[in-house]
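Chain and residue survey
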Amino acid sequence: MSRARRPVLAAVAAVVLLGLGAGVSVVLTDALGIRTESSDIPVESPGVASEQPTVIAPTFTAIEAPAGARMDLAVAELRDAAAGPTTATLSVTAGDGDPAVETYTLSGTATALSITAESLTGAVRGVYDLAAAARDGREFEFGTVESELPLRMVDLGAVGVDADPAQWVDGTDYSHNSRAFERVILADAPYIDEDALAEATADFELFVQHALAEGYTAVAVPGLIEYLTFDGLGVYDEGDDHIARAEAMRAAFGPLWQYAHDLCMRVYLRTDMLTLTTPLERYFDERFGGLDTENPEFWSVYASGLDELYAAAPSLDGVLIRIGEAGRVYDLPGWDYYSKLGVTTTPAVRAMLTSLTDQAEATGREVIFRSWTVGVGDVGDLHTSPDSYAAVLDGIDSPALIVSTKYTLGDFYSHLPLNTTLEGGDQRRIIEFQSRREFEAFGAFPNDLGSLYQQAIQRFIAANPNVEGIWTWTQDGGPWRAGPMTLELKAGFWQLYELNTELAVRLARDPSADPAELTADWARRWFSDDPATVRAIGEVMAQSRAAITDGLYIGPYADRRVFAIGLEPPPMMWIFEWDILTGDSAVLDVIYAVSRDDLDEAIAGGQRALDTVESMQSVLESTDAAAWKDPALRDAFLATLDYQRSTFEVLADYRTMVLRQAQWHDTGSAEAYTQWAAARDAFRASADAHLAEYSGSVDYPPLNLEAADLGIARADRDLAMAWAARVGLALVVLWLVLGMLGSRLRRVPGAAVARALWLAATRPWRAAEAVAPLTRAQRVALVAVPGAALVGSRGILTWFEAPAHLLVSLASWLVFAVVLVLAARRAVWPIVAVVAGAAMLRVALLLAVLTPTGPGGYWFGFWTDPVARSVYITIAFALFAWVIVAAGWALSTQVGARRAIGAVLLAVGAVLAVMGAFVGLLGAEQALTVWNDQLGLLPWGLSRILGITVYLEIPADTPWFAAALGAVLLAAGALLAFVRRRARAS
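All values derive from a computational prediction rather than experimental measurement.

Check the secondary structure of the protein and you find 31 helices and 17 strands. Taking 986 residues into account, the globule formula puts the C-alpha radius of gyration at 30 Å, and the protein, at 34 Å, falls close to it. Dimensions along the principal axes, computed over C-alpha positions, put the protein at roughly 115 × 70 × 50 Å. Of the contacts made within the protein by residues no fewer than 6 positions apart, 77% connect residues no fewer than 24 positions apart. About 37,100 Å² of surface is accessible on the protein, with carbon and sulfur atoms providing 58% of the total. Where the 72 positive side-chain charges of the protein centre and where its 118 negative ones centre are 19 Å apart.

Below is the structure:
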């Protein structure tokens, strides 16, 4: 090739590489997919019931009712609840009608009451309703009473869960496993501790009685795979402990299920899919070649297991299945029963439901399928998209199928629309509610959801005649031991979130009921008979939602639907999740970008929430302790509000700090930087006070500030890093200018080295010529100067706080350069000059984008400015690719094109093979967690929940795929490089 054509070819190469870079930027922007749209959020209208005298129910001196366990239990509940100074009698008559019908009629007088019902079910419900009215201090409701939604299910509450403070005190256990019955179930034969089982049985019976009295008709009990032996399939070898344990567990827990069944409470076993054991997964591997969830025969294995279980436990009514979450965070360590997120495609879901509903129809059971998904796989938006719902479920119209869906268009957060998927579908439907709101302090703060629940139920039953029930999570949801140790009926101030359990069931039965009156009933039941105190509690609860929606959410962001990386992040991303204040740039910068036009309101919400909590405190403090049924409950209520105020002070300071920080990155304003610094100091003070007050408390655990502290540590360095980048950029630019003008400035120290690097980087065909006159010392400088610039720039990019990133990036450069040098043999220094010179160009670009406000500003632009991101990615990719192209070009002038291509392939392959194997040995999830914890790009909590690889759908074997590709390139490179050498030798 003539010298004249080489610059033209270089220009063409530059254009091609820039084009490829632009393509990469387009793909990246599309993959990020960051956008927002308006959101139809329901307007809550909480009210306060007027003061009314508490009605004291009479003592029933005579009750005539049909005999039987169900009625006996209801009558006992009534006698316990109604014990006033006056007396009355009750007559209960039950017909032989449909046992599913709950309708009854209450007639008679205040002293002689009569319940008449078509069925025993209705009669029992009438007695329970009298008991509930007595506990609530309200008048008996004469007339005919019907229930709108017949299927009213609860979770298992805190049954079998030990209130052991040692399990809660650390506050960082984010496992979703309740560890229920852990003292009951033994690792070895006989597998069941009989004494612990007796305690758990009493626990279960008390909970069932409580749920029945509140009006619930079904219970979801965790577990499935533990009870299956897969008899006749050969899943377990003869003598396998799984068989003996399953039989022992059936014998132990079967009587509990039978107890609930005998009281006409439906019992469903609740499981994730896939649910597995090691032998079962091995069986699937051998029979189907893996977890072939799209194969109907695959599901016949589970169907066979259910056949066996239902035959052994006829009291079970069916199974409740979730496909949207699974994995280690839900599993019990050391327990060979686990779950995997394996049902992620439409054909897989349809195959599963078809097989399991066929089995259910054949055995007279039901399958409750949860539509909940978290964005993973083809069905990742099943929960929120009517189109996806239709694609998955249309045509699956089994009468044995019930689809259960959260009432919100997302998880159990505020600031979300009602779930439009509940308005359609031909399947039977139930609505999910959560009492102990996991994302809103686990029920530790007052949180009256009555208005919201009523809107949801009224809207869905009006829109969809197939809605037939609710499922209330009284206790479950999220990590059990990362929040307060509140356990329903057992420990902590559980009465606070019991309100939502009562609201859900009463509104399910009568959607037109006044939520404010229901809240007053709850206050009289648990706290006080005094009308003024009841009203004060009502006023506190009426303000509770304003405090929650302002204090835990950043309004201008939360009020919009946000989409990113194919997911729909929740409206509370700055607390990700539960108690973790996030410190990552992706979330906080996007929140600012969405809120930018209403920044003052975004910040003001924090103080407004504090003002609301202080108002709530003032109202509650005005009540007389003597007017409370138990003064300790008043103390607990006040302590809860103190805790809420402390928490909201921290959050108010934090939101101001992170929003002002982003504003500085956005505008470069000195005023914004000053406001950020002041907010940072305020946050440190409020956080220190919060930690001092609540560290070590299991009733009021402090916020987890680890991620926030990491973010502050990086933010504190941003300005210093910006100045370091400015100085570094000035030095690099001077060096590059020295290289451009080196032929005229030969006497300037370093000019020859700078000139050699410049020529090698921009005209690689002249690399040999450029380095030929260099002395040994100058050749050392040829490596040392770019090396120092590379290390320094990467250090600045990472705030000198991310050794993992430095290790991987610098090791990659080193491996690439070393392999090229070894392949080049006698043409070492030209190659060194090319790689080092091209690296200087990349260093200059990186330092340029770091100069405005440091690494924080770099990432702010990356997440929020599509134009700046695209320009940067285009140039950065082109310069990255130029390193490879230029190295090959330079080498081709020394050893020929074939060997040069082979050498480059060897170098690239070596990087992929070495770094892929390194990350693979560490584990992709572990490596990404360490990398992300140090850089703070994605929420710190991701790896503590589902895992980064699962959430972003990164295959766990990706590093090994990279290593395999590297091995292929190594083989191809060796072939090209060394076959040529043999040909020359011959």
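Still more to cover.
With that out of the way, let us pick up the packing of helix α21 (residues 751-762) against helix α25 (residues 828-850). With their axes 7 Å apart at the nearest point, α21 and α25 run at an angle of 90° to one another. Here α25 runs roughly perpendicular to α21, going by the angle between their axes. Between α21, through Leu757, Trp758, Ala760 and Ala761, and α25, the contact on the second element is made entirely by Ala833, Val834, Ala836, Gly837, Ala838 and Leu841. In terms of residue class, the contact of α21 with α25 is made up of 9 nonpolar, 1 polar and no charged.

This part is about the sheet that holds strand β5 (residues 112-117). Strand order in the open sheet formed by 5 strands is β2-β3-β5-β4-β6, and the pairing between neighbours is mixed. Two strands close off the open sheet at either side, each with one partner strand: β2 (59-64) and β6 (143-145). For this sheet, the mean angle separating the axes of adjacent strands, direction not counted, is 20°. Pairing between strand β3 (residues 87-94) and β5: 6 bridges, direction parallel. What sits directly across from Val92, in β5, is Ile115. Across the sheet, helix α2 (residues 69-81) touches β2 and β3, and the angle it forms with β2 is around 165°.

It is worth spelling out the pattern of salt bridges at this point. A full pass over the atoms with the stated rule returns 45 salt bridges. Across the pair Glu37 and Arg35 runs a salt bridge whose closest N-O atoms are separated by 3.3 Å. Among the residues examined, Arg35 registers a relative accessible area of 44% and is labelled partly exposed. Between Glu601 and Arg608 there is a salt bridge, with its nearest N and O atoms 2.7 Å apart. Looking at Glu601, the relative accessible area reads 30%, which means it is partly exposed. Judged by its relative accessible area of 33%, Arg608 is partly exposed. When salt bridges that share partners are traced, they join Asp136, Arg138, Arg506, Asp521, Arg524 and Arg525 into one network.

Summarising the model, the protein shows a mean pLDDT of 94, and 98% of its residues fall at 70 or more. This model gives residues 980-986 a pLDDT under 50, and the stretch forms 7 contacts once residues within four places in sequence are excluded.

Taken in spatial order, the 8 strands close into a barrel running β7-β8-β9-β11-β13-β14-β15-β16, and their pairing is parallel. Neighbour to neighbour, the strand axes of the sheet diverge by 25° on average, direction disregarded. With 6 bridges connecting them, strand β15 (residues 428-434) and strand β16 (residues 467-473) associate as parallel partners. Residue Ile430 lies in a different strand from β16, and its bridge partner there is Gly469.

A separate point is the side chain of Ser686. Relative to the elements of secondary structure, Ser686 occurs in helix α19 (residues 670-694). In this structure Ser686 comes out as buried when scored by relative accessible area, which is 11%.

Positionally, Thr277 belongs in the loop between β10 (275-276) and α7 (278-288). Classification of Thr277 as buried rests on a relative accessible area of 0%. Each residue touching Thr277, except ones within four places of it in the same chain, is listed here: Ile225, Tyr236, His242, Asp336, Tyr337 and Tyr338.

Right, let's get into unusual backbone geometry. Residue Pro190 follows Ala189 across a cis peptide bond; omega there is 10°. On the secondary structure map, Pro190 appears in the loop between α4 (165-168) and α5 (194-214). Cis geometry is found at the peptide bond from Phe576 to Glu577, where omega equals -15°. Summarising the element assignment, Glu577 is placed in the loop between β17 (560-563) and α16 (585-595). Positive phi values are uncommon outside glycine, yet Tyr191 reaches one of about 75°. The residue Tyr191 is located in the loop between α4 and α5 in this model.

Next up on the list: the UniProt feature "transmembrane region" (unreviewed entry) in the protein. Residues given the UniProt feature "transmembrane region" (unreviewed entry) here are residues 720-738, 780-800, 806-824, 831-851, 871-891, 903-924 and 960-979. End-to-end, the C-alpha atoms of residues 780-800 are 25 Å apart, and along that stretch the chain is 86% helix and 0% strand. With 100% helix and 0% strand, the stretch residues 960-979 has end C-alpha atoms that lie 28 Å from each other.

Time to look at the packing of aromatic side chains. On inspection of all chains with the given rule, the structure shows 48 aromatic pairs. When the centroid spacing of 5.5 Å and the interplanar angle of 35° are considered together, the rings of Trp299 and Tyr302 count as tilted. Pair noted here: Trp299 and Tyr302 are both in helix α8 (residues 296-312), with a separation of 3 residues, about one helical turn. In this structure Tyr302 comes out as buried when scored by relative accessible area, which is 1%. Between Trp882 and Trp889, the aromatic rings sit 6.4 Å apart at their centres with planes inclined by 75°, giving edge-to-face as the arrangement.

It is worth spelling out α16 at this point. Of all 11 residues making up α16, 9 are buried, and the element is well covered by its neighbours. The complete set of buried residues in α16 reads Ser585, Ala586, Val587, Leu588, Asp589, Val590, Ile591, Tyr592 and Ser595. With a side-chain oxygen positioned 2.8 Å from the backbone nitrogen of Val587, the residue opening α16 is Asp584.

Within the largest apolar cluster, 322 residues are counted, with the highest numbers of intra-cluster contacts made by Phe253 and Phe637. Residue contributions to this core peak at 16 residues, all from α25. For Phe637, the residues in contact, after removing those within four places along its chain, are Pro446, Phe493, Leu496, Trp522, Phe527, Ile537, Val540, Met541, Leu620 and Trp628. In terms of nonpolar packing, the next biggest core, distinct from the first, is built from 8 residues, Val161, Trp168, Met485 and Leu487 among them.

Looking at the element boundaries, Gly425 is found in the loop between β14 (401-406) and β15. A relative accessible area of 25% places Gly425 in the partly exposed class. Sequence separation between Gly425 and Ala390 is 35 residues; the distance between their C-alpha atoms is 7.1 Å. When neighbours within four sequence positions are excluded, Gly425 is seen to be in contact with Tyr389, Asn464 and Asn466.

Counting buried positions along β15 gives 6 out of 7 residues, so the element sits mostly inside the fold. Pairing of β14 with β15, which is carried by 5 bridges, proceeds in the parallel orientation. Its bridge partner being in β15, Ile402 is matched across the sheet by Arg428. Handedness of the β-α-β unit built from β15, helix α11 (residues 450-463) and β16 comes out right-handed.

The next thing to look at is the environment of Pro959. Positionally, Pro959 belongs in helix α31 (residues 958-985). Owing to a relative accessible area of 9%, Pro959 belongs among the buried residues under this scheme. Once the C-alpha coordinates of Pro959 and Asn419 are considered, the two residues, 540 residues apart in sequence, prove to be 38 Å apart. Aside from chain neighbours lying at most four places away, what touches Pro959 is Gly916, Val919, Gly920 and Ala924.

Moving on, we get to a nonpolar patch on the surface. The grouping of Val733, Val737, Met740, Leu741, Leu745 and Val748 at the surface amounts to a nonpolar patch, some 400 Å² of accessible area in total. Relative accessible area serves as the criterion here: at 38%, Met740 is assigned to the partly exposed category.

Glancing now at the pairing of β5. Each regular strand displays side chains that alternate between the two surfaces of the sheet. Here strand β4 (residues 104-108) pairs with β5 via 5 bridges, running antiparallel. Residue pairing in the sheet places Tyr104 in a bridge with Ala117 of β5. With antiparallel pairing between neighbouring strands as the criterion, β4 and β5 make up a hairpin whose turn holds 3 residues.

By the secondary structure assignment, Gly857 is in helix α26 (residues 854-864). As for Gly857 and Leu759, which are separated by 98 residues in sequence, their C-alpha atoms are 33 Å apart.

Here is what the cut-offs are and how they apply
Residues numbered from 1 in each chain as written. Predicted model: local features only at pLDDT ≥ 70, side-chain atom pairs only at ≥ 80, totals over all residues. Heavy atoms only, no water. Helix = DSSP H or I, 4+ residues; strand = E, 2+ residues; numbered from the N terminus. Rg over C-alpha atoms; globule rule 2.2 N^0.38 Å. Contact = heavy atoms within 4.5 Å. Areas by Shrake-Rupley, 256 points an atom, 1.4 Å probe, with all protein chains shown as cover. Lys, Arg positive; Asp, Glu negative; His and termini not counted. Charge placed at Lys NZ, Arg CZ, Asp CG, Glu CD. Axes fitted to C-alpha atoms, helices over the stretch in contact; angles between N-to-C directions. Parallel < 35°, antiparallel > 145°, perpendicular 65-115°, else oblique. Nonpolar A, V, L, I, M, F, W, Y, C, P; charged D, E, K, R; others polar. Pairing = 2+ DSSP bridges. Salt bridge = Lys/Arg side-chain N within 4 Å of Asp/Glu carboxyl O. Buried < 20%, exposed > 50% of the residue type's maximum accessible area, 1.4 Å probe, protein only. pLDDT = per-residue confidence, 0-100. UniProt positions renumbered as here; feature names shortened; annotations may be inferred. Phe/Tyr/Trp six-rings, centres within 6.5 Å; stacked < 30°, edge-to-face > 60°. Polar contact = N/O pair within 3.5 Å; in protein donor to acceptor, adjacent residues only side chain to side chain. Core = buried A, V, L, I, M, F, W, Y, C linked by side-chain atoms within 4.5 Å. Right-handed = clockwise from strand over helix to strand, strands pointing away. Patch = residues over 30% accessible without salt bridge, like charges linked within 9 Å, V, L, I, M, F, W, Y side chains within 5 Å.

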